[in-house]
Amino acid sequence: MMAENPSVSLGRGITPLQQMLASGTGALLTSLFVTPLDVVKIRLQAQRTPFSKGKCFLYCNGLMDHLYVCQNGNSCMAWYKAPTHFTGTLDAFVKITRYEGIRSLWSGLPPTLVMAVPATVIYFTTYDQLRDYLHSRMGNQGHHIPLVAGALSRLGAVTVISPLELIRTKMQSRQLSYRELCICIQSAVAQDGWLSLWRGWGPTVLRDVPFSALYWFNYELVKEWLCNWSRLDKATFMISFTSGAVSGTVAAVLTLPFDVVKTQRQIELGDAEKLRVTASKSSSTFLLMRRIQAESGIRGLFAGFLPRVVKVAPACAIMISTYEFGKTFFQKLNQEQQLSSL
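Being a predicted model, the structure only gives us computed values, none of them experimental.

Along its length, the protein chain carries 12 helices and 2 strands. Along the chain direction, N to C, the helices and strands of the protein chain fall in the order α-α-β-β-α-α-α-α-α-α-α-α-α-α. Counting every position in the protein chain, which comprises 342 residues, the buried fraction comes to 49%. Here the analysis covers contacts within the protein chain between residues at least 6 apart in sequence; of these, 77% occur between residues at least 24 apart. Summed over its atoms, the accessible surface of the protein chain is roughly 17,100 Å², and 65% of this surface lies on carbon and sulfur atoms.

If you want it as C-alpha coordinates, here you go:
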(Lines give C-alpha, C1' and ligand atoms only; values in the text may rest on other atoms or scores of the structure.)
Protein backbone atom coordinates (compact mmCIF):
# COMPACT_ATOMS: atom_id res chain seq x y z
CA MET A 1 0.00 0.00 0.00
CA MET A 2 3.07 2.19 0.08
CA ALA A 3 2.49 3.95 -3.23
CA GLU A 4 -1.22 4.48 -2.86
CA ASN A 5 -1.23 7.01 -0.01
CA PRO A 6 1.21 9.40 -1.67
CA SER A 7 -0.87 9.19 -4.84
CA VAL A 8 -3.93 10.40 -2.97
CA SER A 9 -2.12 13.13 -1.06
CA LEU A 10 -0.42 14.23 -4.27
CA GLY A 11 -3.76 14.82 -5.95
CA ARG A 12 -4.95 16.86 -2.97
CA GLY A 13 -1.70 18.81 -2.76
CA ILE A 14 -2.37 20.68 -6.01
CA THR A 15 -5.31 22.58 -7.43
CA PRO A 16 -7.50 21.39 -10.34
CA LEU A 17 -6.00 24.17 -12.48
CA GLN A 18 -2.51 22.83 -11.79
CA GLN A 19 -3.72 19.33 -12.67
CA MET A 20 -5.03 20.75 -15.94
CA LEU A 21 -1.70 22.45 -16.67
CA ALA A 22 0.20 19.23 -15.91
CA SER A 23 -2.06 17.13 -18.15
CA GLY A 24 -2.02 19.74 -20.92
CA THR A 25 1.80 19.80 -20.90
CA GLY A 26 1.86 16.01 -20.96
CA ALA A 27 -0.56 15.96 -23.89
CA LEU A 28 1.59 18.35 -25.94
CA LEU A 29 4.80 16.40 -25.25
CA THR A 30 3.09 13.10 -26.08
CA SER A 31 1.90 14.51 -29.41
CA LEU A 32 5.36 15.82 -30.26
CA PHE A 33 6.97 12.42 -29.61
CA VAL A 34 4.31 10.11 -31.11
CA THR A 35 3.03 12.04 -34.15
CA PRO A 36 6.18 11.44 -36.29
CA LEU A 37 5.60 7.67 -35.94
CA ASP A 38 2.10 8.00 -37.39
CA VAL A 39 3.15 10.44 -40.12
CA VAL A 40 5.79 7.95 -41.29
CA LYS A 41 3.24 5.11 -41.13
CA ILE A 42 0.75 7.08 -43.28
CA ARG A 43 3.46 8.02 -45.80
CA LEU A 44 4.52 4.37 -46.13
CA GLN A 45 0.88 3.29 -46.53
CA ALA A 46 0.29 5.95 -49.19
CA GLN A 47 3.40 4.74 -51.03
CA ARG A 48 2.23 1.10 -51.07
CA THR A 49 -1.42 1.86 -51.82
CA PRO A 50 -2.02 5.48 -52.95
CA PHE A 51 -5.06 7.07 -51.33
CA SER A 52 -7.73 7.88 -53.90
CA LYS A 53 -9.70 11.11 -53.81
CA GLY A 54 -12.31 11.00 -51.06
CA LYS A 55 -10.68 8.03 -49.34
CA CYS A 56 -10.60 8.26 -45.54
CA PHE A 57 -7.70 7.37 -43.30
CA LEU A 58 -6.99 7.63 -39.57
CA TYR A 59 -4.32 9.93 -38.18
CA CYS A 60 -3.16 9.51 -34.57
CA ASN A 61 -1.26 12.13 -32.58
CA GLY A 62 -0.74 9.81 -29.60
CA LEU A 63 -3.83 11.16 -27.81
CA MET A 64 -6.76 10.60 -30.19
CA ASP A 65 -7.56 9.07 -33.56
CA HIS A 66 -8.69 11.66 -36.11
CA LEU A 67 -10.42 10.97 -39.40
CA TYR A 68 -8.99 12.66 -42.49
CA VAL A 69 -10.26 12.65 -46.07
CA CYS A 70 -7.88 12.74 -49.02
CA GLN A 71 -8.21 15.96 -51.00
CA ASN A 72 -6.97 17.14 -54.39
CA GLY A 73 -4.44 19.86 -55.09
CA ASN A 74 -2.60 21.89 -52.47
CA SER A 75 -4.93 21.12 -49.60
CA CYS A 76 -3.98 21.04 -45.96
CA MET A 77 -3.49 17.28 -46.28
CA ALA A 78 -1.29 17.27 -49.42
CA TRP A 79 1.66 16.09 -47.28
CA TYR A 80 0.58 12.44 -47.35
CA LYS A 81 1.24 12.16 -51.09
CA ALA A 82 4.64 13.86 -51.32
CA PRO A 83 6.71 12.08 -54.02
CA THR A 84 9.72 10.89 -51.97
CA HIS A 85 10.29 7.10 -52.17
CA PHE A 86 11.09 5.20 -48.96
CA THR A 87 12.58 1.75 -48.45
CA GLY A 88 11.52 1.43 -44.81
CA THR A 89 10.63 3.21 -41.58
CA LEU A 90 14.13 4.48 -40.74
CA ASP A 91 14.71 5.53 -44.35
CA ALA A 92 11.42 7.46 -44.23
CA PHE A 93 12.50 9.35 -41.10
CA VAL A 94 15.85 10.26 -42.68
CA LYS A 95 14.49 11.30 -46.10
CA ILE A 96 11.54 13.29 -44.76
CA THR A 97 13.89 15.20 -42.46
CA ARG A 98 16.53 15.72 -45.17
CA TYR A 99 14.36 16.63 -48.18
CA GLU A 100 11.21 18.09 -46.64
CA GLY A 101 12.47 19.58 -43.40
CA ILE A 102 12.10 18.26 -39.87
CA ARG A 103 8.76 20.07 -39.43
CA SER A 104 7.23 17.65 -41.96
CA LEU A 105 7.36 14.92 -39.31
CA TRP A 106 4.58 16.82 -37.53
CA SER A 107 2.43 17.41 -40.64
CA GLY A 108 -1.26 17.66 -39.87
CA LEU A 109 -0.71 17.95 -36.11
CA PRO A 110 -1.95 21.49 -35.19
CA PRO A 111 -5.64 20.99 -36.18
CA THR A 112 -5.89 17.77 -34.15
CA LEU A 113 -4.54 19.40 -30.98
CA VAL A 114 -7.59 21.69 -30.81
CA MET A 115 -9.61 18.70 -29.57
CA ALA A 116 -7.00 16.23 -28.37
CA VAL A 117 -5.46 18.49 -25.71
CA PRO A 118 -8.78 19.60 -24.12
CA ALA A 119 -10.02 15.98 -24.19
CA THR A 120 -6.87 14.81 -22.40
CA VAL A 121 -7.10 17.62 -19.84
CA ILE A 122 -10.74 16.73 -19.08
CA TYR A 123 -9.88 13.03 -18.87
CA PHE A 124 -6.85 13.21 -16.56
CA THR A 125 -8.17 15.96 -14.30
CA THR A 126 -11.52 14.20 -13.89
CA TYR A 127 -9.75 10.92 -13.13
CA ASP A 128 -7.66 12.45 -10.34
CA GLN A 129 -10.65 14.28 -8.85
CA LEU A 130 -12.85 11.15 -8.94
CA ARG A 131 -10.12 8.90 -7.56
CA ASP A 132 -9.38 11.26 -4.67
CA TYR A 133 -13.10 11.66 -3.92
CA LEU A 134 -13.67 7.89 -3.88
CA HIS A 135 -10.60 7.38 -1.70
CA SER A 136 -11.85 10.01 0.75
CA ARG A 137 -15.19 8.19 0.98
CA MET A 138 -13.92 4.60 1.00
CA GLY A 139 -10.40 4.86 2.38
CA ASN A 140 -7.61 2.74 0.95
CA GLN A 141 -9.61 -0.49 0.89
CA GLY A 142 -10.89 -0.22 -2.67
CA HIS A 143 -8.41 -1.48 -5.25
CA HIS A 144 -11.26 -1.12 -7.73
CA ILE A 145 -11.30 2.69 -7.34
CA PRO A 146 -8.85 3.36 -10.23
CA LEU A 147 -10.94 1.08 -12.45
CA VAL A 148 -14.17 2.95 -11.70
CA ALA A 149 -12.60 6.42 -11.85
CA GLY A 150 -10.81 5.58 -15.11
CA ALA A 151 -13.99 4.32 -16.78
CA LEU A 152 -16.16 7.28 -15.68
CA SER A 153 -13.59 9.95 -16.56
CA ARG A 154 -13.11 8.51 -20.04
CA LEU A 155 -16.85 8.25 -20.55
CA GLY A 156 -17.18 11.96 -19.74
CA ALA A 157 -14.32 13.01 -22.03
CA VAL A 158 -15.62 10.95 -24.98
CA THR A 159 -19.15 12.32 -24.52
CA VAL A 160 -17.91 15.93 -24.56
CA ILE A 161 -15.54 15.54 -27.53
CA SER A 162 -17.57 13.18 -29.77
CA PRO A 163 -19.83 15.90 -31.32
CA LEU A 164 -16.80 18.15 -31.92
CA GLU A 165 -14.97 15.36 -33.77
CA LEU A 166 -18.06 14.71 -35.92
CA ILE A 167 -18.29 18.44 -36.74
CA ARG A 168 -14.57 18.53 -37.62
CA THR A 169 -15.04 15.53 -39.93
CA LYS A 170 -17.96 17.23 -41.69
CA MET A 171 -15.99 20.44 -42.12
CA GLN A 172 -12.87 18.74 -43.44
CA SER A 173 -14.56 16.17 -45.69
CA ARG A 174 -16.92 18.64 -47.39
CA GLN A 175 -14.68 21.74 -47.11
CA LEU A 176 -17.51 23.75 -45.59
CA SER A 177 -17.38 27.35 -44.42
CA TYR A 178 -18.48 28.04 -40.83
CA ARG A 179 -21.84 29.34 -42.10
CA GLU A 180 -22.40 26.23 -44.23
CA LEU A 181 -21.34 24.07 -41.30
CA CYS A 182 -23.98 25.66 -39.02
CA ILE A 183 -26.67 25.04 -41.66
CA CYS A 184 -25.47 21.45 -42.05
CA ILE A 185 -25.62 20.81 -38.30
CA GLN A 186 -29.06 22.43 -37.98
CA SER A 187 -30.32 20.24 -40.82
CA ALA A 188 -28.91 17.07 -39.25
CA VAL A 189 -30.45 17.92 -35.86
CA ALA A 190 -33.83 18.76 -37.43
CA GLN A 191 -33.83 15.49 -39.37
CA ASP A 192 -32.37 13.02 -36.85
CA GLY A 193 -32.47 14.85 -33.51
CA TRP A 194 -29.69 15.99 -31.19
CA LEU A 195 -28.43 12.43 -30.72
CA SER A 196 -27.22 12.48 -34.34
CA LEU A 197 -24.30 14.63 -33.15
CA TRP A 198 -23.10 11.63 -31.13
CA ARG A 199 -23.04 9.24 -34.10
CA GLY A 200 -20.06 6.96 -33.62
CA TRP A 201 -20.12 7.51 -29.84
CA GLY A 202 -21.01 3.89 -29.06
CA PRO A 203 -18.00 2.13 -30.65
CA THR A 204 -15.66 4.78 -29.24
CA VAL A 205 -17.03 4.25 -25.73
CA LEU A 206 -16.81 0.46 -26.08
CA ARG A 207 -13.12 0.79 -26.90
CA ASP A 208 -12.00 3.73 -24.77
CA VAL A 209 -13.91 3.09 -21.53
CA PRO A 210 -12.67 -0.52 -21.01
CA PHE A 211 -9.19 0.61 -22.09
CA SER A 212 -9.15 3.38 -19.49
CA ALA A 213 -10.56 1.16 -16.74
CA LEU A 214 -7.90 -1.50 -17.40
CA TYR A 215 -5.16 1.08 -17.87
CA TRP A 216 -5.64 2.90 -14.57
CA PHE A 217 -6.28 -0.31 -12.62
CA ASN A 218 -3.04 -1.87 -13.88
CA TYR A 219 -1.12 1.41 -13.66
CA GLU A 220 -1.83 1.81 -9.95
CA LEU A 221 -1.01 -1.89 -9.30
CA VAL A 222 2.26 -1.86 -11.25
CA LYS A 223 3.30 1.48 -9.75
CA GLU A 224 2.60 0.21 -6.23
CA TRP A 225 4.52 -3.01 -6.87
CA LEU A 226 7.54 -1.15 -8.32
CA CYS A 227 7.55 1.30 -5.40
CA ASN A 228 7.47 -1.58 -2.90
CA TRP A 229 10.18 -3.46 -4.83
CA SER A 230 12.36 -0.32 -4.94
CA ARG A 231 11.50 0.51 -1.30
CA LEU A 232 10.34 3.97 -2.24
CA ASP A 233 7.48 5.98 -0.73
CA LYS A 234 6.74 7.83 -3.97
CA ALA A 235 6.99 6.87 -7.62
CA THR A 236 9.96 8.23 -9.55
CA PHE A 237 9.77 9.41 -13.17
CA MET A 238 11.06 6.03 -14.42
CA ILE A 239 8.58 4.08 -12.27
CA SER A 240 5.71 6.13 -13.70
CA PHE A 241 7.12 5.71 -17.22
CA THR A 242 7.47 1.93 -16.87
CA SER A 243 4.07 1.54 -15.22
CA GLY A 244 2.44 3.56 -17.99
CA ALA A 245 4.08 1.49 -20.75
CA VAL A 246 3.16 -1.86 -19.15
CA SER A 247 -0.43 -0.93 -18.31
CA GLY A 248 -0.94 0.70 -21.71
CA THR A 249 0.29 -2.44 -23.48
CA VAL A 250 -2.00 -4.72 -21.46
CA ALA A 251 -5.04 -2.50 -22.02
CA ALA A 252 -4.26 -2.12 -25.75
CA VAL A 253 -4.05 -5.89 -26.29
CA LEU A 254 -7.22 -6.70 -24.33
CA THR A 255 -9.32 -4.04 -26.09
CA LEU A 256 -7.91 -4.59 -29.60
CA PRO A 257 -11.13 -6.22 -30.98
CA PHE A 258 -13.07 -3.08 -29.98
CA ASP A 259 -10.40 -0.94 -31.68
CA VAL A 260 -10.81 -2.91 -34.93
CA VAL A 261 -14.59 -2.33 -34.85
CA LYS A 262 -14.23 1.34 -33.90
CA THR A 263 -11.78 1.97 -36.74
CA GLN A 264 -14.12 0.34 -39.27
CA ARG A 265 -17.09 2.39 -38.02
CA GLN A 266 -15.06 5.60 -38.11
CA ILE A 267 -13.99 5.00 -41.71
CA GLU A 268 -17.60 4.21 -42.73
CA LEU A 269 -18.80 7.43 -41.09
CA GLY A 270 -16.13 9.47 -42.88
CA ASP A 271 -17.04 7.90 -46.24
CA ALA A 272 -20.71 8.73 -45.63
CA GLU A 273 -19.84 12.36 -44.84
CA LYS A 274 -17.71 12.66 -47.96
CA LEU A 275 -20.44 11.22 -50.19
CA ARG A 276 -23.00 13.46 -48.44
CA VAL A 277 -25.27 10.58 -47.55
CA THR A 278 -26.75 9.67 -44.21
CA ALA A 279 -24.74 6.96 -42.52
CA SER A 280 -26.69 3.73 -42.59
CA LYS A 281 -27.96 2.24 -39.39
CA SER A 282 -25.07 -0.03 -38.54
CA SER A 283 -25.38 -3.32 -36.74
CA SER A 284 -24.38 -3.58 -33.12
CA THR A 285 -20.71 -3.73 -32.19
CA PHE A 286 -20.94 -7.37 -31.17
CA LEU A 287 -22.69 -8.37 -34.41
CA LEU A 288 -19.96 -6.56 -36.33
CA MET A 289 -17.32 -8.43 -34.32
CA ARG A 290 -19.03 -11.73 -35.17
CA ARG A 291 -19.04 -10.77 -38.85
CA ILE A 292 -15.33 -9.93 -38.78
CA GLN A 293 -14.64 -13.23 -37.03
CA ALA A 294 -16.67 -15.14 -39.64
CA GLU A 295 -14.82 -13.44 -42.51
CA SER A 296 -11.27 -13.35 -41.11
CA GLY A 297 -11.28 -15.61 -38.07
CA ILE A 298 -10.08 -14.65 -34.59
CA ARG A 299 -6.99 -13.07 -36.16
CA GLY A 300 -9.26 -10.53 -37.84
CA LEU A 301 -10.31 -9.19 -34.44
CA PHE A 302 -6.65 -8.67 -33.52
CA ALA A 303 -5.57 -7.09 -36.80
CA GLY A 304 -2.99 -4.35 -36.32
CA PHE A 305 -1.77 -5.83 -33.04
CA LEU A 306 1.87 -4.75 -33.35
CA PRO A 307 1.26 -1.20 -34.72
CA ARG A 308 -1.27 -0.51 -31.94
CA VAL A 309 1.08 -1.70 -29.17
CA VAL A 310 4.04 0.19 -30.68
CA LYS A 311 1.90 3.36 -30.74
CA VAL A 312 0.06 3.00 -27.42
CA ALA A 313 2.89 1.89 -25.12
CA PRO A 314 5.19 4.93 -25.62
CA ALA A 315 2.21 7.32 -25.72
CA CYS A 316 0.93 6.06 -22.36
CA ALA A 317 4.43 6.06 -20.86
CA ILE A 318 5.25 9.62 -21.95
CA MET A 319 1.83 11.00 -21.01
CA ILE A 320 1.59 9.57 -17.49
CA SER A 321 5.25 10.16 -16.52
CA THR A 322 5.07 13.77 -17.71
CA TYR A 323 1.75 14.25 -15.93
CA GLU A 324 3.08 12.81 -12.65
CA PHE A 325 6.23 14.91 -12.96
CA GLY A 326 4.09 18.03 -13.46
CA LYS A 327 1.98 17.22 -10.41
CA THR A 328 5.10 16.68 -8.30
CA PHE A 329 6.50 20.01 -9.51
CA PHE A 330 3.31 21.89 -8.54
CA GLN A 331 3.11 20.10 -5.18
CA LYS A 332 6.64 21.18 -4.29
CA LEU A 333 5.90 24.71 -5.53
CA ASN A 334 2.80 24.89 -3.31
CA GLN A 335 4.73 23.60 -0.29
CA GLU A 336 7.45 26.20 -0.79
CA GLN A 337 4.85 28.98 -1.09
CA GLN A 338 3.15 27.80 2.11
CA LEU A 339 6.47 27.73 4.00
CA SER A 340 7.48 31.19 2.74
CA SER A 341 4.14 32.65 3.87
CA LEU A 342 4.63 31.47 7.47
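Looking now at the pattern of salt bridges. Within the structure shown, the criterion is met by 13 salt bridges. Between R154 and D208 there is a salt bridge, with its nearest N and O atoms 3.5 Å apart. Residue R154 is located in helix α5 (residues 145-174), and its partner D208 is located in helix α7 (residues 201-230); the two are separated by 54 residues in the primary sequence. For the pair R154 and D208, a shared accessibility class is recorded, and that class is buried. Overlapping salt bridges, with partners in common, bring together D128, R131, D132, E220, K223, E324 and K327 in one network.

Okay, the nonpolar core next. One finds F124, F211, Y215, W216 and I320 to be the most contacted residues of the largest nonpolar core, which totals 34 residues. Looking at this core, the elements with two or more residues in it are α2 (16-48), β1 (56-60), α4 (109-138), α5, α7, α8 (237-254) and α12 (305-340). The dominant element in this core, judged by the number of residues it contributes, is α4, at 10 residues. In this structure, V260, L288, M289 and I292 belong to the second largest nonpolar core, which totals 7 residues.

A word on the packing of α4 against α12. Angle between the axes and distance between the axes are the two parameters that describe a pair of packed helices. The N-to-C vectors of α4 and α12 enclose an angle of 60 degrees; their axes lie 13 Å apart at closest approach. Taken as axis vectors, α4 and α12 run oblique relative to one another. Crossing of α4 against α12: the hand is right-handed. From α4, T120, F124, T125, D128 and R131 reach across to α12, where they touch M319, I320, Y323 and K327. Its residues assigned to classes, the contact of α4 with α12 shows 4 nonpolar, 2 polar and 3 charged.

On to unusual backbone geometry, then. Backbone geometry at R231 places phi at a positive 55 degrees, although glycine is not the residue there. In this structure R231 comes out as exposed when scored by relative accessible area, which is 74%.

A separate point is α4. Residue pairs spaced three or four apart in an α-helix point in one direction, given the helix's 3.6 residues per turn. Over its 30 residues, α4 extends 42 Å from the first C-alpha to the last, a length consistent with the 44 Å expected when each residue adds 1.5 Å. At M115, α4 shows its maximal kink, close to 30 degrees; a proline, P118, follows between one and four residues later. Remark: G139 follows α4 within two positions and exhibits a positive phi of approximately 75 degrees.

Right, let's talk about the UniProt feature "transmembrane region" (unreviewed entry) in the protein chain for a bit. The positions UniProt marks with the feature "transmembrane region" (unreviewed entry) are residues 20-40, 105-125 and 145-167. Annotated as residues 20-40, this span is 100% helix and 0% strand, and its ends, taken at the C-alpha atoms, are 30 Å apart. Strand forms 0% of residues 105-125 and helix 81%; the C-alpha atoms that close the span are 29 Å apart.

Moving on, we get to the packing of aromatic side chains. For any pair of aromatic rings, the description consists of the separation of the ring centres together with the inter-plane angle of the planes. Per the counting criterion, the structure on display carries 13 aromatic pairs. Consider the rings of Y123 and F124, whose centres lie 5.1 Å apart with planes at 70 degrees: the pair is edge-to-face. F124 carries the same exposure label as Y123, and that label is buried. Centroid distance F237 to F325: 6.4 Å. Interplanar angle 85 degrees. Geometry classified as edge-to-face. Note that F237 is positioned in helix α8 and F325 in helix α12, a separation of 88 residues in sequence. Here a set of aromatic residues connected by ring pairs shows up, and it is made of Y123, F124, Y127, F211, Y215, W216, Y219 and Y323. It is R154 that lies over the ring of Y123; its NZ or CZ is 4.6 Å from the centre.

About the thresholds
Residues numbered from 1 in each chain as written. Predicted model: local features only at pLDDT ≥ 70, side-chain atom pairs only at ≥ 80, totals over all residues. Heavy atoms only, no water. Helix = DSSP H or I, 4+ residues; strand = E, 2+ residues; numbered from the N terminus. Buried < 20%, exposed > 50% of the residue type's maximum accessible area, 1.4 Å probe, protein only. Contact = heavy atoms within 4.5 Å. Areas by Shrake-Rupley, 256 points an atom, 1.4 Å probe, with all protein chains shown as cover. Salt bridge = Lys/Arg side-chain N within 4 Å of Asp/Glu carboxyl O. Core = buried A, V, L, I, M, F, W, Y, C linked by side-chain atoms within 4.5 Å. Axes fitted to C-alpha atoms, helices over the stretch in contact; angles between N-to-C directions. Parallel < 35°, antiparallel > 145°, perpendicular 65-115°, else oblique. Left-handed = near helix turned anticlockwise from the far one by under 90°. Nonpolar A, V, L, I, M, F, W, Y, C, P; charged D, E, K, R; others polar. Expected span 1.5 Å × (residues − 1). Bend = angle between axes of the 7 residues up to and from the residue. UniProt positions renumbered as here; feature names shortened; annotations may be inferred. Phe/Tyr/Trp six-rings, centres within 6.5 Å; stacked < 30°, edge-to-face > 60°. Lys NZ or Arg CZ within 6 Å of the ring centre and 35° of its normal.

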